Amino acid sequence: MASGKVVKKAKYKSTVKDPGTPGILILTEEKLVFKPNDPTSSNKLEVDFKFIKSHKHTKEGSNKPPWLNLTHSQGSYIFELETFPDLHVCRELVGIALGKHGEAAKVVSEEQLSAAEMAQRIKLLQEDSKLQKLHKELVASGKLTESEFWATKKQLLDRDENRKSKQQIGFKNSLIFDTKPTSDGRINQVKFQLTPEIKYQIFALKPAVHQAFLNFVPSKMNEVEFWNKYFKAEYLHSTKNAVAAAAEAAEDEDLAVFLKDDEILEIEARKKVRRVDPTLDMEADQGDDYTHLPDHGIFRDGSKEISEAQNSLYRRTLLQDLNRQGAVVLEGKTLDIEMDNPRAAAEVLARRKQDSDAAIEDERRNRISKMNQIEDLQAQNDHRFAPLCIKDPRDYFDSQQANAVKALDDSQAGMEKTKCSLSSEEVYGSLRASISKIKATGLRDPLFSPEVALKVLNELTKNISSTKSHIGKHSQDSVLDILPTTTKEKLLDQWVCSQELLRHFWSSYPITTQNLANKTRRLKDAISQVYSKLEEIKVSAKSDLRHQVSLIVHPMQQALDAALLHYDADIRKRNAKAAKPNGF
Amino acid sequence: MPSAPSKLYSDDVSLLVVTLDTNPFFWSTFSFPFSEFLSHVLAFLNSILLLSQLNQVVVIATGCNSCTYLYDSSSDKSHGSTSGSMPSLYSDLLHNLEVFLARDQQLAKPWGNAAAGGGGAPPSSLLSGSLSMALCYIQRAFRSGPIHPQPRILCLQGSADGPEQYVAIMNSIFSAQHSTVPIDSCYIGSNNSAFLQQASYITGGIYYRPPHLDGLFQYFSTVFATDLHSRAFLRLPKSVGVDFRASCFCHKQTIDMGYVCSVCLSIFCEHHDKCSTCGSVFGQSQSNVASSTNRKRKA
């Protein structure tokens, strides 16, 4: 709510049966005022929210009118608002106002949870036992409030939301086959199967039929007759007898509607073509309502005759059907509506199409206005942020070479600097002498003594097996598996707990509100507890495992230490600042 | 470390490129004589060629001023020793080594007087040069056709790292990593070589510093002789000494907790106003230091 005041037309009823006095309802965060239209009426109201205990309202889906019921100690005020959106607006403000004046003893949760959200949280907790354990430990013992806990779990909640959103089921692509008639060889009748699904799909596919339906039913004929006529037309189409079709059309003008080409489709097609980017070269711009051109499409009987203009109206080509069907299937269903009332469905569909048309027009206008900027070489929007600049990694390495040199010099300082007192001739000469020696004498025989070999092998074996015992048989082994399960469980629990606490802790800095200060204090206590628990685990481990356990515990304790140190330093700083209010 | 798969070849064929440290300044002052070292190395190379008929060995000399190919087992040239007392591998290699040393000494002439003054550390060997030559040879082997052995590089190094070669060595390490060529290192000098440790770690090779140099051949044949395919089911010495902690970019000290620039992720040990790597200015640095803090944990 941006402003704290709401002014709405409403009727005030003192009881449910009361017809209600019309007037104006003014809601602010402090009080509500009702002024009746009739200045002589005595139903004026001016009530502070302090006296209002709670509020109720009627649900939108039910048949009741939008009522807002504010209860107070002696009874209730009922306001009948004009529309449900009005009611929602009033309800929000009342909620805020009541929240402000509510009793302070209650732990006020700032968020108004809907039942659905509560159910979702409970479900998440039930599914994930680790989460439940963490929740129990942190929230039940008061270290974190509910809202803080769930604030970090938004990802989990959102994921759940996405899972629930249902996928829309689109049209079946087999419409052409669905409406194939079953014919009895003996009787001169054909039967068509119709379901509401198919009806809906036919309306989407053939807007002329849709229009006809709206026009004819129930004024001219009832539904059954309508569909009979429609399928008669379909049958005539399928017999490919254009002459018969023309004859029938001449007789029955209603039938003619179904037999001739779909005008609405043509108009739509033309509109769609116009929506294409005007800079795109489309040669067939004008004539591209493909329902008319004779050389578009394959005639069903394979012939390419161009029949008389009169009869050409009554032909439909397979390609047209397929194209139209494909387009509709791709567009998908625009709404989930109840199928049992076809008339209502047809109306809703028509309305929705109008809305979407309007939206498409807007979008087109936007696009055109944007396209005019293509020619200009416009300057970039100046960003509020500096553009990202990351240097080439080679530059980094080159710049670090100086550091590397320094590091190596330091490391070499330990080595004895063998001063090269010999000249280069001498050293090269000595090397060459060694080579000549080998050439003369050949390799040593034996190369080295077996004792040396044995020593080397033993040492290598010892070296390799000792690393194995430290690190584990396989690289996937971890030290945790060596520990007994209870210790392992405890360590893992403490780890998860400390992670969560540290995450909350570090995210509360810098401290700007009192709320955060309280939170950090609570977290600091919790962290000290975890620290002492880790100490316990370390001490209680068996002597041969103690080293491993302390290796594992060490980084955890380091992180907790860092947090505690930071907290202390921060407290000291803030106290120091507080002691000198002038900042000197 | 999975290496490039060689199709239609048995998996344990290897192409071993050995970079041999021939820095005379180092060898003249080192306790282990060069002749003994060379004999161990030659025996090792022979044994590699014995392991499989298709194995190939290439030896590159790492000198002070230049590097060169000493021996290529797949080439047809062979001198044949005069006395017939050693196989052509040895005689070719030794012959080429002598030629190389003479040339190297020639190149060293201009600075010869300066070194004679007795000042400064001994010049380092050109490891970056020999690594580059090794990688070039391996690239040629890759492009020789669909059938090629699995290449790896073995650095036999004794002299200390030359800090001026840092960038070049890092470049060759990254290109080796990119072509999945492991770099093994056998370092016989006094302190561990940071460059070679990094090289082996990044490319998935083995770094080992043998404590007993008189059994050098045993170390070679136990640790470094295995081909890449067999390494999957052998347990070889793991280097536990590579320090994984981050080091701060300003002082190169290893740190546990520090500050991280949110733009380029460079790490600093103390609060700065501006990131030295990417130049981004850190937000209003309030007296509350916590606004730019991010905690890091020991891995």
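This one's a predicted model, so the numbers in the text were calculated from it and none came from an experiment.

Q: Sorry, what's going on with the nonpolar core here?
A: One recurring pattern in soluble globular proteins is that nonpolar side chains are buried together. Judged by nonpolar contacts, the single largest core of 58 residues is most densely connected at B:Phe37, B:Phe44, B:Leu45, B:Leu70, B:Leu156 and B:Phe224. Per element, the largest residue contribution to this core is 9 residues, and it comes from helix α2 (residues 34-51) of chain B. Residues within four places of B:Phe44 in sequence aside, it is in contact with B:Leu16, B:Leu154, B:Phe217, B:Phe220, B:Ser221, B:Phe224 and B:Ala225. Among the nonpolar cores identified, the runner-up in size contains 34 residues, and A:Val139, A:Leu483, A:Leu502 and A:Tyr509 belong to it.

Q: Just checking my understanding: could you explain the pattern of salt bridges for this structure?
A: For side chains of opposite charge, pairing can occur when their charged atoms come near one another. Counted according to the given criterion, the structure contains 6 salt bridges over all chains. Note that A:Glu535 is salt-bridged to A:Lys538, the shortest N-O span being 3.8 Å. One end of the pair, A:Glu535, and the other, A:Lys538, are both in helix α20 (residues 514-540), 3 residues apart, so they sit about a helical turn from each other. Residue classification places A:Glu535 among the partly exposed residues on the basis of a relative accessible area of 29%. Residue B:Asp184 is joined to B:Arg152 by a salt bridge in which the shortest nitrogen-to-oxygen separation is 3.8 Å. Of this pair, B:Asp184 sits in strand β5 (residues 183-187) while B:Arg152 is found in strand β4 (residues 150-157), placing the two residues 32 residues apart along the sequence. Exposure remark for B:Arg152: the relative accessible area of 0% places this residue in the buried category.

Q: What is the right way to look at the sheet that holds strand β5 (residues 52-57) of chain A in this model?
A: Paired through backbone hydrogen bonds, the strands of a sheet run either parallel or antiparallel to each other. Residues and elements named next belong to chain A. The strand order across the open sheet formed by 7 strands is β4-β3-β2-β1-β7-β6-β5, and the pairing between neighbours is antiparallel. Of all the strands in the sheet, just β4 (45-48) and β5 have a single pairing partner and so form its edges. For this sheet the average axis-to-axis angle between neighbouring strands, irrespective of direction, equals 30 degrees. As judged from the 5 bridges shared by strand β6 (residues 67-72) and strand β7 (residues 76-81), these two strands associate in the antiparallel manner.

Q: I tried to follow the confidence of the model for chain A on my own but got confused; where do I start?
A: Interpreting fine coordinate detail is not advised for predicted regions of low pLDDT. Scored by pLDDT, chain A has a mean of 70; 59% of the residues are at 70 or more. Contacts for the low-pLDDT stretch residues 412-418 of chain A, under 50 throughout, to residues beyond four places or in other chains number 7 contacts.

Q: How do you make sense of helix α21 (residues 546-579) of chain A when you look at a structure like this?
A: In an α-helix, one full turn covers 3.6 residues, which means residues spaced three or four apart are oriented alike. Its 34 residues give α21(A) an end-to-end C-alpha distance of 47 Å, which sits within 8% of 50 Å, the value for a rise of 1.5 Å per residue. A maximum bend of about 30 degrees is found in α21(A) at A:Val553, where proline A:Pro555 lies one to four positions downstream.

Q: It is not clear to me how the packing of helix α4 (residues 127-142) of chain B against helix α5 (residues 166-178) of chain B should be interpreted in this structure. Could you clarify?
A: When two helices pack together, their arrangement is given by the angle between the helix axes and the distance between those axes. All names here are of chain B. Taken N-terminus to C-terminus, the directions of α4 and α5 make an angle of 25 degrees; their axes are 9 Å apart at the nearest point. By the angle class used here, α4 and α5 are roughly parallel. Viewed along their axes, α4 and α5 form a crossing whose handedness is left-handed. Where α4 abuts α5, its residues Leu 127, Ser 128, Leu 131 and Leu 135 lie against Ala 168, Ile 169, Ser 172, Ser 175 and Ala 176.

Q: It is not clear to me how the pairing of β5(B) should be interpreted in this structure. Could you clarify?
A: Strand residues, when the strand is regular, have side chains that alternate between the two faces of the sheet. Residues and elements named next belong to chain B. Counting buried residues along β5, 5 of its 5 residues qualify, which places the element largely inside the surrounding structure. Residues of β5 alternate between two faces, with Ile 183, Ser 185 and Tyr 187 on one and Asp 184 and Cys 186 on the opposite face, all of them buried. Judged from the 5 bridges that link them, β4 and β5 form a sheet pairing that is parallel. Bridging across to β5, Gln 157 finds its partner in Tyr 187. As paired strands, β5 and strand β6 (residues 207-208) are joined by 2 bridges and run parallel to one another. Bridge pairing in β6 places Ser 185 opposite Tyr 207. Handedness of the crossover is the feature at issue here: the chain leaves β5, passes through helix α6 (residues 194-203), returns alongside β6, and the resulting connection is right-handed.

Rules behind the numbers
Residues numbered from 1 in each chain as written. Chains lettered and ligands numbered in written order. Predicted model: local features only at pLDDT ≥ 70, side-chain atom pairs only at ≥ 80, totals over all residues. Heavy atoms only, no water. Core = buried A, V, L, I, M, F, W, Y, C linked by side-chain atoms within 4.5 Å. Buried < 20%, exposed > 50% of the residue type's maximum accessible area, 1.4 Å probe, protein only. Helix = DSSP H or I, 4+ residues; strand = E, 2+ residues; numbered from the N terminus. Contact = heavy atoms within 4.5 Å. Salt bridge = Lys/Arg side-chain N within 4 Å of Asp/Glu carboxyl O. Pairing = 2+ DSSP bridges. Axes fitted to C-alpha atoms, helices over the stretch in contact; angles between N-to-C directions. pLDDT = per-residue confidence, 0-100. Expected span 1.5 Å × (residues − 1). Bend = angle between axes of the 7 residues up to and from the residue. Parallel < 35°, antiparallel > 145°, perpendicular 65-115°, else oblique. Left-handed = near helix turned anticlockwise from the far one by under 90°. Right-handed = clockwise from strand over helix to strand, strands pointing away.

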